[in-house]
Amino acid sequence: MSHALELKDVTISYSDGDSHVKALNSVDLTVEAGEFVAVVGPSGSGKSTLLAVAGALTTPDSGQVLVAGEDIVPLGDSELAQIRRNHIGFVFQSSGNLPSALTAEEQIELASKVIGKTGRYSSAELLEKVGMAHRAKHRPGSLSGGERQRVGIARALVGDPQVLLVDEPTAALDRARSQEIVALLAKECHDFNVAGVMVTHDYDVLGHGDKVYEMVDGRLTPSAK
Ligand SMILES: Nc1ncnc2c1ncn2[C@@H]1O[C@H](COP(=O)(O)OP(=O)(O)OP(=O)(O)O)[C@@H](O)[C@H]1O
């Protein structure tokens, strides 16, 4: 059986004039279906690069990135776009990028149209799962930061992705809301059988990870919660 997501010996470097940075330095990571992994590290340590590589947005210099058993590194742009549409959901920092004119329900329906499939659950069911059924007709302007994040999570789960990539989900939230949102992310990964990877600065939310890794200067190592 293949793993839902696997990075093997992945390296990517950037040059900027005289300086040369290994944003990812021989990174290995395996995430199983239904597992929620947290990656913590300081600014500039390579966390966003890790998500970009795992999410078929950036091709590494070397190594393998296997999504549902397929190495995506050799693929071209249109095939990578297909991998993103079919297999990967993204949750962003504050879900501030939700179109302001659309209700919560319409946000989910739009995402479904964009990827061209619905998946197991209707938009109403997805909103129910993230505790937002009662706010389905509300637009982002009348939702709190935590509620917007819940809509962002439901939107990322449209179409049954195998991998959920989460970038600093608590950046715009207070402490209590941060705990709720990360607990919800972990629960949805377990319930939807999705391989989740969350990158964060926030040490307080690491307890929700089934596994925790630390990123320092492009190197990923297992860590205690
Ligand atoms: N496109 C790029 N061109 C040049 N350097 C880059 C590029 N992307 C990332 N880097 C460099 O690679 C390193 C890792 O960056 P990355 O954004 O992955 O870190 P991060 O841990 O996500 O940081 P933050 O928490 O501040 O978002 C940094 O030194 C950054 O300056």
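On a predicted model such as this, the values are computed, not experimentally measured, just so you know.

Rules used throughout
- Residues numbered from 1 in each chain as written.
- Predicted model: local features only at pLDDT ≥ 70, side-chain atom pairs only at ≥ 80, totals over all residues.
- Heavy atoms only, no water.
- Near = heavy atom within 4 Å.
- Polar contact = N/O pair within 3.5 Å; in protein donor to acceptor, adjacent residues only side chain to side chain.
- Areas by Shrake-Rupley, 256 points an atom, 1.4 Å probe, with all protein chains shown as cover.
- Helix = DSSP H or I, 4+ residues; strand = E, 2+ residues; numbered from the N terminus.
- Nonpolar A, V, L, I, M, F, W, Y, C, P; charged D, E, K, R; others polar.
- Pairing = 2+ DSSP bridges.
- Axes fitted to C-alpha atoms, helices over the stretch in contact; angles between N-to-C directions.
- Contact = heavy atoms within 4.5 Å.

### Here we look at the site of the ligand
- Surrounding the ligand, one finds Tyr14, Val21, Ala23, Pro42, Ser43, Gly44, Ser45, Gly46, Lys47, Ser48, Thr49 and His201.
- Residue Ser48 places a side-chain N or O atom 2.7 Å away from an oxygen atom belonging to the ligand.
- Between an oxygen atom of the ligand and a side-chain N or O atom of His201, the distance comes to 3.3 Å.
- Here the ligand has 630 Å² of accessible area as a free molecule, and 60% of this is covered by the chains.
- Of all the secondary structure elements, the ones that give two or more residues to the shell around the ligand are β2 (19–31) and α1 (47–54).
- At three residues, the largest contribution of residues to the shell around the ligand is made by α1.
- A class-by-class count of the residues in the shell around the ligand yields four nonpolar, seven polar and one charged.

### Details of the sheet that holds strand β6 (residues 88–91)
- Across the sheet, which stays open at both edges, the six strands sit in the order β6-β7-β8-β3-β9-β10 with mixed pairing between neighbours. At either end of the open sheet lies a strand with only one pairing partner, and these are β6 and β10 (219–223). Direction aside, the axes of adjacent strands within the sheet are offset by 20° on average.
- Most of the contacts of helix α2 (residues 77–87) go to β6, to which it runs at about 75°, and overall it touches β6 and β7 (163–167).

These results come straight from atomic positions and should not be treated as a statement about function.
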